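So you can see what is in the structure, the chains are spelled out below.
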2 protein chains.
Amino acid sequence: MKYGNRSIIRLSQYRNVLKRLYALGFLKVFSSNLSDAVGVTPAQVRKDFSQFGIAGNKKGGYDINDILKKMDGILGKDKVQKVIIAGMGNIGSALIHYKGFEKEGIEIVAGFDADPVKVKETGNVKIYHINKMYDFIRDNNIEVGIIAVPDNAAQAVFDIMVSAGIKGGLNFAPITLKMDQGCIMRNINVGVELETTIYFMNALKKQDELCS
Amino acid sequence: MKYGNRSIIRLSQYRNVLKRLYALGFLKVFSSNLSDAVGVTPAQVRKDFSQFGIAGNKKGGYDINDILKKMDGILGKDKVQKVIIAGMGNIGSALIHYKGFEKEGIEIVAGFDADPVKVKETGNVKIYHINKMYDFIRDNNIEVGIIAVPDNAAQAVFDIMVSAGIKGGLNFAPITLKMDQGCIMRNINVGVELETTIYFMNALKKQDELCS
DNA sequence: ATTATTTTGAGATATATTTCACAAAATAGC
DNA sequence: GCTATTTTGTGAAATATATCTCAAAATAAT
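The rules behind these values
Residues numbered from 1 in each chain as written. Chains lettered and ligands numbered in written order. Predicted model: local features only at pLDDT ≥ 70, side-chain atom pairs only at ≥ 80, totals over all residues. Heavy atoms only, no water. Contact = heavy atoms within 4.5 Å. Buried area = accessible area lost by both parts, 1.4 Å probe. Salt bridge = Lys/Arg side-chain N within 4 Å of Asp/Glu carboxyl O. Polar contact = N/O pair within 3.5 Å; in protein donor to acceptor, adjacent residues only side chain to side chain. Helix = DSSP H or I, 4+ residues; strand = E, 2+ residues; numbered from the N terminus. Nonpolar A, V, L, I, M, F, W, Y, C, P; charged D, E, K, R; others polar. Buried < 20%, exposed > 50% of the residue type's maximum accessible area, 1.4 Å probe, protein only.

Draft legend 1. Region of the structure containing the interface of chain A and chain B. With 64 residues of chain A at the interface, the matching set in chain B holds 64 residues. Between chain A and chain B, roughly 5,500 Å² of surface is buried when both sides are summed, and carbon and sulfur atoms account for 64% of that area. Among the residues chain A hides against chain B, the three largest losses belong to Leu194(A), Glu195(A) and Tyr199(A). Together they make up 13% of the total. The tally of links from chain A across to chain B stands at ten salt bridges. Our enumeration of links across chain A and chain B arrives at 22 residue pairs in polar contact (both at pLDDT 80 or more). Among the secondary structure elements, those contributing two or more residues to the side of chain A that touches chain B are helix H1 (5–23), helix H2 (31–38), helix H5 (90–97), strand E6 (144–147), strand E7 (168–171), strand E8 (184–187) and helix H8 (190–211) of chain A. If one sorts the elements of the side of chain A that touches chain B by residue count, H8(A) sits on top with 15 residues. For the side of chain A that touches chain B, the per-class residue count stands at 31 nonpolar, 19 polar and 14 charged.

Structure follows, in structure tokens:
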């Protein structure tokens, strides 16, 4: 059983909505509620759920508590995931201070930077020099890493991560990392996202002009 | 002629690689070079190019300068895109200070926040109170906006943006914005990305266990 | 000038993803 | 208890996306 990327992304999105609904006191949802909230079709929600073996009651919809538990299992939420961040520039610093991860069972345990000025080995989440990263990953059995270093350093930093035991994570550097099987990195590139958006905005504008 | 999301995203990625190659003194590339750099198949590169009318020379590959110009046209790089950011928290602040946009023809022209403490109407890129956002968008004909406010404020802020003239942008809030046609927003949700990555890491681990 | 080699371009094929459509189950009303 | 209504679950159809294959063009070699 292999599930497509898309289904998993949506599963995480459904989960976000469900947690809010549950906090509001809701006990059950219909596929159409979720589809409205996430911006997909009800059939999509049901297909996604059925792929992961998440079942509801005909006419009764889905029991939020029930399916949240199931989702937690699927998404590996049974244990806290420890994550490190390499690069304490704008994005790295933003992420290390971001409060939203904790309640998701994701804990940023350390930051690393090549610039000694950025090092700060006191405080809540410590920032070490990058040359301590390898040992830190080894000693603490870290498996998830975030690359937020400049593009020209990204591959080298990533290689160190992998050699130390990192199995996956996120890459904010605007390059495609070279890696072997057995490692999962997702790329987040704000510039590319903005360019893409602007392209579609322009395309839409042209289309409107044609219609008017 | 309608092009899929994916092709446009890759076009922007190809462009990033090509600009670097050009800066290094390269004059031409083959589809296989680009595919290596971006992590796709050569056929994918060629199909993408042919969709956008980007032509190369059989045996000679593609002329970098040529196709960069063409890409600039496709991606609307002929004029500088002015962008505003709502929300000066971790992510908003990171983006407003990010240097990478400028050379992409993207200019962050202002930030906005509801917290008076964050307001700073001096300096390079000014930060105004959020209640000045509507007029700013109107007066400066801004079309691109970035939502970096907390999730419970996101829809309201977005609605103001749209009413003032925003046509698209990025949404970092972990909700799905409700909008009519004629507006393009792309969602970036670091939490979802991390969860998805961790899911695939776990799936991979299980698979490996089965094989060994 | 001819032949061999390389690489594009695109139709055909394969795969992935989404939507449709409707039977089956659960609930509510009478 | 029976009927009407609602909503799930899923196979089938539709759409979107990616890969394969190979002829045609361009270049290089002899």
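Draft legend 2. Broad picture of the pattern of salt bridges. Counted under the stated rule, the structure contains 22 salt bridges over all chains. Between Asp48(A) and Arg10(A) there is a salt bridge, and its shortest N-O distance comes to 2.6 Å. Here Arg10(A) lies in helix H1 and Asp48(A) lies in helix H3 (residues 42–51), a separation of 38 residues in the sequence. Take Arg10(A): its relative accessible area is 13%, and that puts it in the buried class. Across the pair Lys19(A) and Glu104(A) runs a salt bridge whose closest N-O atoms are separated by 2.4 Å. Taken together, the positions of Lys19(A) in helix H1 and Glu104(A) in the loop between H5 and strand E4 (106–113) put the pair 85 residues apart, joining distant regions of the chain. The class for Glu104(A) is buried, based on a relative accessible area of 10%. Ionic contacts of the salt-bridge type, sharing partners, join the residues Arg15(A), Lys19(A), Asp72(A), Lys77(A), Glu104(A) and Glu195(B) into one network.

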